[in-house]
Amino acid sequence: MHELSVTQSIVDAVLHAVPDGEIKGVHLEIGKLSGVVPDAVRFCFEIVAADSRLQGADLEITEPSGRGRCRSCGAEFEIDDFIVLCSCGSADVAVLSGQELRIKAVEVV
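Bear in mind the structure is a predicted one, so any value in this text is a computation, not a measurement.

Some thoughts on the pattern of salt bridges
Tallied over the entire structure, the rule returns six salt bridges. Residue Arg-42 pairs with Asp-39 through a salt bridge whose shortest N-O separation is 2.9 Å. Residue Arg-42 and its partner Asp-39 are both found in helix H2 (residues 38-49); the two are separated by three residues, about one turn of the helix. Overall, the relative accessible area of 30% leaves Arg-42 in the partly exposed class. Overall, the relative accessible area of 56% leaves Asp-39 in the exposed class. The residue Arg-69 makes a salt bridge to Glu-76 at a minimum N-O spacing of 3.4 Å. For Arg-69, a relative accessible area of 38% puts it in the partly exposed group. The structure contains a network of salt bridges with shared partners spanning Arg-67, Arg-69 and Glu-76.

Criteria and cut-off values
Residues numbered from 1 in each chain as written. Predicted model: local features only at pLDDT ≥ 70, side-chain atom pairs only at ≥ 80, totals over all residues. Heavy atoms only, no water. Salt bridge = Lys/Arg side-chain N within 4 Å of Asp/Glu carboxyl O. Helix = DSSP H or I, 4+ residues; strand = E, 2+ residues; numbered from the N terminus. Buried < 20%, exposed > 50% of the residue type's maximum accessible area, 1.4 Å probe, protein only.

In C-alpha cells form, the structure reads like this:
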C-alpha cells in the first residue's frame with residue numbers, strides 16, 4: 001500500500017511548510033488517474049497524523065477527472081479509465097489532467 005508513504009510525505013510537507021500554529025484542515029487534490037486511492041489516504045492520514053499538530057485536522061480531498069486530447073483528430077474529452085481511446089478509435093491520446101496529487105490548501109488558526 002503505497003498510500004501510506006504518500007500520506008507520510010504529505011504530512012511531512014505540511015508540517016515543514018507550517019512550522020507554527022494549529023492546523024485545522026488540509027485540502028488535497030488527487031486526480032482520478034493518479035494511481036492513488038483517496039479512501040486509503042483518508043485512512044492513513046489519521047494514523048500518520050496521530051501525535052502531531054495535524055492530529056484531528058479535517059482532510060478534504062477533491063478528485064478531478066482526467067482530460068485527454070487525441071493526437072490524431074484533436075478532440076478533447078474526459079478520461080475515466082487508464083485505458084484511453086478516442087471516439088475516433090485512436091489510442092494516441094495525450095493526458096492533459098487527472099494525474100495530480102497536490103496539497104491545495106492548509107487551514108491554520
